[in-house]
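Residue strings, one per chain:
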Amino acid sequence: MIWRAFATAAVLLTAGAAQAQTIVTRSGEHKGFTRLVMRLPADADWSLTQSGTVATINIDAPEAVFDTSRVFNLIPRTRLQSLAQNGPGQPLRLQLACSCTVSSYLQKNGYLVVDIRDGGKHSAKPQFNAASSVLPLTPQMPQSGYRFGFSQTAATDARLALELAAANAVSGDNGKAAPSQETQVQAGAGSVSAVENELLSQINGLTLPLDGRHDIAVVQEAEPFDEAVLEERPVSIPETSLMIDLKDSERAAAVDLSEQRLLQQISRAANQGLVIVSEEHPSVEEDTVGLDPFGAADRPLNPLDHISVTSAIDRETGLIAALAADRGEESHCLKSRDLAVHTWGEEGPFADQLAPLRSALVQEFDDVNPANVYALVRLYLYFSFGAEARSIKALLPPEQQSSSEAALLDTMAVLMDGIDLPVNHVLSSQQGCDSDSALWGVLADGEVKRSANTDAIQQAFSKLPAHLRVHLGPRVSKMFAEAGNHHVAEAILRAVDRTGVEDVPEINLAEAAIAELEGDSERMAEELTSEVVERTGNAPTALIELVALSVKERKAISPDVPDLIASYELESRETELGAELRFALVSAMALMGQFHESFTELESVTERDGPAARAAALEPLMLLLAERADDVTFLQHSLMFAELATPAEAAPVAEQVARRLLELGFAQQAQDLLTKLALEPENESRRLLMAEAALELEKPHRALVELMGLEGSAANKMRAQALWRNGEYSRAGEYLLGEDETGAAARGFWHSEDLEAIEAIDERAEIRFGSVASVTTQIGETAQDPVGLAPLAHARALVESSEGTRGGIADLLNQIEAGLDKPEEDQ
């Protein structure tokens, strides 16, 4: 009766909760599978079965209606062809368009997730609601690498079912059980309720979702239940065995969740090379299923599931957040078959291949055939027609415009036309892959990264038809040359030469890049000049690189180069190329010595391209001005520059301009220019210039402050000058003596009356200042007053001392050269 009451109450609660409810079905397209997500009614049971290409979803909700109106807005019909429900409460039938496997799992927040995956064998067993399954918590259950998570309700049902089965078995073996302190459950033939039958059926065929989310799998088979046993005698169950420690279950589940996430992070760090996993003491059995470092099996479904977060290490090592469906595979790498351009066309005439596809493009009732659209797009890409391929792709139905296949073809079409892609694109992180996607990843990124798989890139390039090797080869070779990979760059060009095509676009630019890598500036200039002379579409780019090379090498350019750049700039004025040409025009005019015209063009750069472009163009202009302009032209522009330049404009050229200003005697302007760099990192040469400017401005103390902490000959000599002007001759002499300036050091010691220091200097200095010091010493001794003499003798001694002093002074004046009172640097 107790069981019957429980069953009645459960039925009433379920019936009371049943109400009309719309189940909105959402969809998403992923690599290798299509996903459907729907929010189920609260506590509703569900099941999923598959038979061939038909899958059926049953929901235990009589008035549930599936809203599938927006399913095909985001996914193509490549895996799921259609889905329909006959009426409220009826199953949802999925008609598949492929030999796919349908799997499902229920998230803790009530979302049912259905995945339609490519390939595999579908399960013959139905899939049920995880909440209605019970888990045999027996110690004999073999351990595995999987961890099984379940709710408190499931744990309660599982333990109750096991205790009921165990008590029944004990009762059958031992006869009548003692009723003392035990709960008596009478289970006669007429009292076997629906709840009991459900429990018995679960015990006989126990099912369980792996990891709490995967398909249902049979875990254990129990012996058939004999109802006659319940008819003969009561079943006694100890009260203590029915007590469930839910807190322990919660703690165990929390520890299990933390353990799995920790293992995922360790595995991810191992893939990135940050840690090394020791294999001396493995923590799991050999047959344990490894964790996916990017897995999401233990995470609930939420709106952020489709957001991928990667680090700089992930991008450099070619890793990207992968879905749990692709465990054990490099899921971020595109397959070679998806990029097999060499199979998208034939060597026959283009018109003969184009006509059949265009005629079959539109079906009856003016419906576009998507398969023919894709085929026509691929044909255009085979013949390197990027713009045409994109225009044909626009004919696809709206629901297929944003598919992964369409996005990939659109990206390849952009690359065919040589257009730069944004940072995020469908070919990101492909350079390290061992497939044809490595080549297209290089073209999409616009550079060769350190993680690039050069072997895969060369193999993919060799598969291309001859006309695509000619079209893309120079571009790829130039990228490798810029990356410093000389051998691959030349190998790509040799592959282009083997096609036998004579006029190869961009070939001169690629060879110029290789020459630059080899340090052969003469050959580089010849290749760039050849490209300019041929007047190809790459002539403006060649002109820009030729001017940059001339500025770097300080070489002259042809007089007609500025006019040629100006003409190309007029054609491309509103493009990025136009901005680069204006920059080159400023430098070209400066190379020609046309500084006034160059500054006029600089104003045009400022108006059209902004302050950042002005600062970039000013660097070569001011460097050439400081090196080549006459004094008047230099002062005309540099004085204004010293006053008006911003720190960003002054930083690259301040030292060169300040040096020439100091040479011309404009110390204040030089100091003002250098002061603009006060917030820049310390620079020894800039501090020496600041000290020199301070000395010119008669600020020796400021010069000493600038020289604090600096070492070297130049700093010591400048420090000696500052000390000399500050009147500290002895210290100045010490610094000069340390720099082998013995003459200047001796003069400093003489000014400081340190005659002993002069005597310690070598003989070369003694020739000049030794006699001076000796005469000075004799004068001092002769000029002393006589002591202890009679008046007449004292007078006679004074006269002799006066005569000796007068003679000593005459000798001193004869030995001192003209201009001795000034330092040697000032003579």
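Residues numbered from 1 in each chain as written. Predicted model: local features only at pLDDT ≥ 70, side-chain atom pairs only at ≥ 80, totals over all residues. Heavy atoms only, no water.

Time to look at the confidence of the model for the chain. Taken as a whole, the chain shows an average pLDDT of 74; of its residues, 68% reach a score of 70 or greater. This model gives residues 173-244 a pLDDT under 50, and the stretch forms 119 contacts once residues within four places in sequence are excluded. When the criterion is pLDDT under 50, residues 315-329 qualifies, and its contacts beyond four places in sequence or with other chains add up to 32 contacts. (pLDDT = per-residue confidence, 0-100. Contact = heavy atoms within 4.5 Å.)

This paragraph deals with the pairing of strand 8 (residues 100-106). In terms of burial, strand 8 is a largely internal element, 6 of the 7 residues being buried. With 7 bridges joining them, strand 8 and strand 9 (residues 111-118) adopt antiparallel strand pairing. Residue Tyr105 lies in a different strand from strand 9, and its bridge partner there is Val113. (Buried < 20%, exposed > 50% of the residue type's maximum accessible area, 1.4 Å probe, protein only. Helix = DSSP H or I, 4+ residues; strand = E, 2+ residues; numbered from the N terminus. Pairing = 2+ DSSP bridges.)

To continue, consider the sheet that holds strand 1 (residues 21-30). Read from one edge to the other, the open sheet built from 5 strands follows the order 5-1-2-9-8, with strand pairing classed as mixed. The strands lining the two open edges of the sheet, one partner per strand, are strand 5 (64-67) and strand 8. Strand-to-strand twist across the sheet, computed as the mean angle between neighbouring axes with direction ignored, equals 20°. Strand direction decides the pairing type here: strand 2 (residues 33-39) and strand 9, joined by 7 bridges, are antiparallel. Paired with Val37 across the bridge in strand 9 is Val113. (Axes fitted to C-alpha atoms, helices over the stretch in contact; angles between N-to-C directions.)

What follows covers the pattern of salt bridges. Considering all chains together, one arrives at 22 salt bridges under this definition. Where Lys31 meets Asp338, a salt bridge forms, and the shortest distance between an N and an O atom there is 3.3 Å. Of this pair, Lys31 sits in the loop between strand 1 and strand 2 while Asp338 sits in the loop between helix 7 (312-317) and helix 8 (350-359); the two residues are 307 residues apart in sequence, bridging distant segments of the chain. In this structure, Lys555 and Glu522 form a salt bridge, with 2.9 Å as the shortest nitrogen-oxygen distance. Here Lys555 is found in the loop between helix 19 (539-553) and helix 20 (561-571), whereas its partner Glu522 is found in helix 18 (residues 521-533), with 33 residues between them in sequence. By relative accessible area, which is 28% here, Lys555 ends up partly exposed. Judged by its relative accessible area of 49%, Glu522 falls in the partly exposed class. One salt-bridge network, held together by shared partners, links Glu569, Arg573, Arg582 and Asp609. (Salt bridge = Lys/Arg side-chain N within 4 Å of Asp/Glu carboxyl O.)

So, about the state of the cysteines. Counted according to the given criterion, the structure contains 2 disulfides. Put simply, Cys98 and Cys100 are joined by a disulfide, and their sulfur atoms are 1.6 Å apart. Judged by the sign of its S-S torsion, about -95°, the bond between Cys98 and Cys100 is left-handed. Both residues of the pair, Cys98 and Cys100, belong to the buried class. Here Cys333 connects covalently by a disulfide to Cys433, the sulfurs 2.1 Å from one another. Between Cys333 and Cys433 the sulfur-sulfur dihedral comes to about -85°; the bridge is accordingly left-handed. Separated by 100 residues along the polypeptide, Cys333 in the loop between helix 7 and helix 8 and Cys433 in the loop between helix 12 (404-416) and helix 13 (437-445) bring together distant segments of the chain. Classification of Cys433 by relative accessible area gives buried; the value is 0%. (Disulfide = S-S within 2.5 Å.)

Let's shift gears to the packing of helix 23 (residues 611-628) against helix 26 (residues 654-663). Between helix 23 and helix 26, whose axes approach to 9 Å, the crossing angle comes to 25°. Viewed along their axes, helix 23 and helix 26 adopt a mutual orientation that is roughly parallel. As helix 23 runs across helix 26, the sense of the crossing is left-handed. Where helix 23 abuts helix 26, its residues Met622, Leu623, Leu625 and Ala626 lie against Gln656, Val657 and Arg660. When its residues are assigned to classes, the contact of helix 23 with helix 26 shows 5 nonpolar, 1 polar and 1 charged. (Parallel < 35°, antiparallel > 145°, perpendicular 65-115°, else oblique. Left-handed = near helix turned anticlockwise from the far one by under 90°. Nonpolar A, V, L, I, M, F, W, Y, C, P; charged D, E, K, R; others polar.)

Here helix 22 (residues 595-609) contains 15 residues, and its C-alpha end-to-end distance of 20 Å stays within 8% of the 21 Å for a straight helix at 1.5 Å per residue. Turning to helix 22, the residues buried within the fold contact helix 21 (576-591), helix 23 and helix 24 (631-644). Two residues or fewer after helix 22 comes Gly610, characterised by a positive phi angle close to 95°. (Expected span 1.5 Å × (residues − 1).)

In the contact formed by helix 30 (residues 713-725) and helix 31 (residues 729-738), the axes pass within 8 Å of each other and the chain directions differ by 165°. Considering the angle they form, helix 30 stands roughly antiparallel to helix 31. Judged by the sense of rotation from one axis to the other, the crossing of helix 30 with helix 31 is left-handed. For the pair helix 30 and helix 31, contact is made by Asn716, Arg719, Ala720, Leu723 and Trp724 and by Tyr729, Arg731, Ala732, Tyr735 and Leu736, respectively.

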